[in-house]
Structures are given as structure tokens and as C-alpha cells.
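# What the coordinates show
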Amino acid sequence: MSESVSVVIPCYRSARTLPVLVPRLVSVLRDLNVRYEVILVVDGSPDDTWPAAADLAERVEGVRAIHLSRNYGQHNALVAGIREAGSQVVVTMDDDLQHLPEQIPNLLAALEGDRLDLVYGVPHVEEHGVLRSFASRSVKACMSATLGFRGARKISAFRAFRTHLRDGFARLSGPHASIDVALSWATTRVGSVSVQMSHRRHGRSNYSLPLLVRHTANMVLGYSAAPLRLASYLGFFVGLVGLALGVAVLWHFATGGTTVAGFTTIASMVSLFSAAQLIAIGVLGEYVGRIHGSGMGHPTYVIRERVGFAGPVGLPRQSSGAGARNAP
């Protein structure tokens with residue numbers, strides 16, 4: 001078992017769930033007999049999530065709170081929390097009580113030894129509806145195909161990894177962060193364990209279908225050159241089709257099958273080539289736009305304030321006695 005654990009939780013519209021989640025989480029971490037800290041990253045939530053998080057950070061030992069200056073997105077909030085972590089292992093989980101704190105020991109147990117650096121908690125059964133689950137699987141398949149991330153089909157927001165992996169994305173910047181892609185830069189020793197999930201108790205997921213599509217586009221265009229290659233393949237394919245059409249037209253003309261070039265053939269060829277050109281230009285435009293956005297210096301996140309930061313708390317019982325803890 002690791003000597004210290006930092007649990008990072010991005011928080012958005014979770015004023016009702018945090019007072020339930022945090023005590024359960026702290027109880028589990030104390031029972032693990034490790035030094036620990038819980039980092040709540042409030043991602044510009046419009047409700048009372050920040051007052052709830054700040055109150056917990058002031059009252060509960062080992063709880064820290066970060067308030068971002070605006071809503072930057074879940075993965076950007078995770079980057080902020082991970083960079084603040086002061087333990088040997090980082091665990092990330094959602095704030096909606098679907099990820100059970102009691103399942104964290106399963107993740108940490110899988111990290112024992114040197115075989116794995118990153119472990120994902122994969123649910124026994126899908127916790128979302130059919131449409132959302134299909135969209136989520138499609139995103140993972142896209143990551144696997146375009147980013148070369150072999151473990152992409154088993155990723156989830158419930159993960160544990162060795163903190164030194166963050167050195168692999170120390171220079172990550174810009175508004176389109178993806179923790180899973182960034183972690184794949186640092187290690188290939190990735191595994192998964194089966195965990196239990198609970199149903200969402202309050203509200204509904206902030207990851208709607210359009211947001212999943214946008215997140216997929218951000219990952220593919222931000223971390224892969226696959227669309228550029230696909231545009232090249234498309235151009236090559238359309239060129240072959242155009243060549244075949246040209247040969248067919250010349251053959252018909254030479255054999256007397258036609259004496260006047262058909263308008264339909266010409267229009268079809270022009271439309272085909274124009275579509276291929278526009279697709280290629282559009283893909284290039286997306287990349288140029290992102291390069292321009294990066295050059296403008298858009299931040300990954302901006303921290304407005306912190307509450308309760310004093311490092312991990314708690315000491316293993318074998319060295320300090322049962323229940324002994326350091327002051328935060």
C-alpha cells in the first residue's frame with residue numbers, strides 16, 4: 001500500500017453531494033492507514049458548491065479546496081488538482097456519488113508492486129443509459145483508433161496513478177486538456193479493475209451527448225494528426241475515382257458510345273473533387289485555428305483562491321499509534 005494518497009475531485013453543481021461524499025471518503029482513507037488529502041476543485045460552479053467545499057476544507061482535517069476563476073471543464077480542473085497533489089498516488093473520482101469511496105482500496109491494491117502505473121475502475125455494469133453508454137464507448141474507440149492508446153476502451157473518470165506520471169504533462173497548456181491522453185504520454189503500464197458504481201442521486205450528468213462529441217473532437221484534433229492523414233487518404237481515394245471516371249468517359253468516346261460529353265458526368269466529377277477539397281481545407285482550418293488559439297496563450301485554468309492547503313495528513317498506525325493524526 002502506498003504511504004500517501006491524494007484524492008482529486010472536480011466539482012460542479014455538487015453542493016448537495018459533497019457534504020455526503022467527503023465524510024465517507026475521509027473515513028475510507030483513514031482506514032487505509034496512509035497519509036492522505038482530499039482536493040476539491042470547484043470548476044466555476046454557478047451554485048453553492050464553492051461555499052460547501054470551502055466549509056468542508058475548514059472543518060474537516062485533510063480536505064483542501066481550490067476555486068477556479070471560471071468554468072474550464074472537467075479535465076482542466078483535474079489538471080489543476082493533480083498539480084497541487086502532494087502524495088505518492090493520485091486518485092480521481094466524480095463528485096456525484098456514482099464513484100464509491102469504498103472502492104478506492106481496490107484501485108490502490110492494483111497499483112501494488114511495479115507492474116502498473118495507472119489503474120482504471122471499470123463498472124460491473126454501465127451506469128448510464130443506452131444512448132449515453134453507446135456515445136461513451138464510441139469516444140473510447142475513437143481514442144484507441146486515432147491516438148494509439150491501447151487501454152482506451154477501459155478508461156473511466158475513476159482512476160488511480162503514481163504521481164510522478166504528471167511529469168509527463170508538466171508543460172501541458174491551453175484550453176483543451178485531456179487527462180487520459182496526457183497520462184498515456186507517461187506510461188504504457190495501464191490496467192483496470194472491476195468496481196461497483198452507484199446511481200446518480202441528484203441532478204443529471206453534465207456530460208450530454210453534444211458535450212461528449214465536442215470532447216472527442218478536442219482529443220482527436222488536439223492530440224493526433226489522424227484527421228490530416230484521413231484527409232490525405234480521402235484525396236487519394238477521390239483521385240482514383242476521378243481517374244476511373246476519366247478512363248470510362250474516354251473509353252466510351254473512343255468506342256463511339258457517346259459523341260457529346262455528358263453534363264451529369266462532368267457535374268459529378270466536379271462535385272466529388274470539390275467535396276474532397278473542402279473537407280481537406282476544413283481539417284487544415286481546424287488545426288490552424290487551434291495553433292492560433294495556443295499562440296494567444298489561453299490558460300488551462302486560473303485559480304481564484306485556495307482553502308486548507310497544508311499537505312497530506314494522518315500517519316500509519318504502526319508508526320504513530322491507532323488513530324493518531326497530524327494537524328493540518
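Residues numbered from 1 in each chain as written. Predicted model: local features only at pLDDT ≥ 70, side-chain atom pairs only at ≥ 80, totals over all residues. Heavy atoms only, no water.

## As for the confidence of the model for the protein chain
On average, residues of the protein chain score 79 in pLDDT, and 71% of them are at 70 or above. Ranking the elements of the protein chain by mean pLDDT puts helix α10 (residues 317-320) last, at 45, and strand β4 (residues 89-92) first, at 97. In this model residues 317-328 is a low-confidence stretch, pLDDT under 50, and it forms 23 contacts with partners more than four residues away in sequence or in other chains. (pLDDT = per-residue confidence, 0-100. Helix = DSSP H or I, 4+ residues; strand = E, 2+ residues; numbered from the N terminus. Contact = heavy atoms within 4.5 Å.)

## Focus: the sheet that holds strand β6 (residues 159-162)
Strand pairs in the sheet, formed through backbone hydrogen bonds, run parallel or antiparallel to each other. Strand order in the open sheet made by the eight strands is β7-β5-β6-β4-β1-β2-β3-β8, with mixed pairing throughout. Of all the strands in the sheet, just β7 (190-195) and β8 (303-307) have a single pairing partner and so form its edges. If you compare each strand with its neighbour and ignore which way they point, the axes differ by 20° on average. One ladder, built from four bridges, connects strand β1 (residues 4-11) with β4; its direction is parallel. From the neighbouring strand, V8 faces β4, where its bridge partner is T92. In this fold helix α6 (residues 179-186) packs onto β5 (118-123) and β6, with an angle of close to 35° to the strand it touches most, β6. (Pairing = 2+ DSSP bridges. Axes fitted to C-alpha atoms, helices over the stretch in contact; angles between N-to-C directions.)

## Focus on the side chain of S156
As for its position among the elements, S156 is in the loop between α5 (130-147) and β6. Taking relative accessible area as the criterion, S156 reaches 15% and is therefore assigned buried. A distance of 2.7 Å separates a polar atom in the side chain of S156 from the backbone oxygen of G121. Not counting residues up to four positions away in its chain, the partners in contact with S156 are Y120, G121 and D180. (Buried < 20%, exposed > 50% of the residue type's maximum accessible area, 1.4 Å probe, protein only. Polar contact = N/O pair within 3.5 Å; in protein donor to acceptor, adjacent residues only side chain to side chain.)

## Brief notes about the side chain of D43
Topologically, D43 is positioned in the loop between β2 (35-42) and α2 (49-59). An unpaired buried charge is present at D43: no salt bridge exists, and R70, the closest side chain of opposite charge, is 7.1 Å distant. (Lys, Arg positive; Asp, Glu negative; His and termini not counted. Salt bridge = Lys/Arg side-chain N within 4 Å of Asp/Glu carboxyl O.)

## Topic: the pattern of salt bridges
This structure, assessed with the given rule, holds seven salt bridges. Linking E37 and R64 is a salt bridge whose minimum nitrogen-to-oxygen distance equals 3.7 Å. With E37 in strand β2 and R64 in strand β3 (residues 63-68), this pair connects stretches of sequence that are 27 residues apart. Accessibility classification places E37 together with R64 in one group, the buried group. Between R59 and D55 there is a salt bridge, with the nearest N and O atoms lying 2.8 Å from each other.

## Brief notes about the packing of helix α1 (residues 18-31) against α2
In contact at an axis separation of 10 Å, α1 and α2 are set at 30° when each is read in the N-to-C sense. Put simply, α1 runs roughly parallel to α2. Relative to α2, the crossing made by α1 is right-handed. Residues L18, P19 and V22 of α1 form the contact with α2, whose own contacting residues are T49, A53 and L56. When its residues are assigned to classes, the contact of α1 with α2 shows five nonpolar, one polar and no charged. (Parallel < 35°, antiparallel > 145°, perpendicular 65-115°, else oblique. Left-handed = near helix turned anticlockwise from the far one by under 90°. Nonpolar A, V, L, I, M, F, W, Y, C, P; charged D, E, K, R; others polar.)

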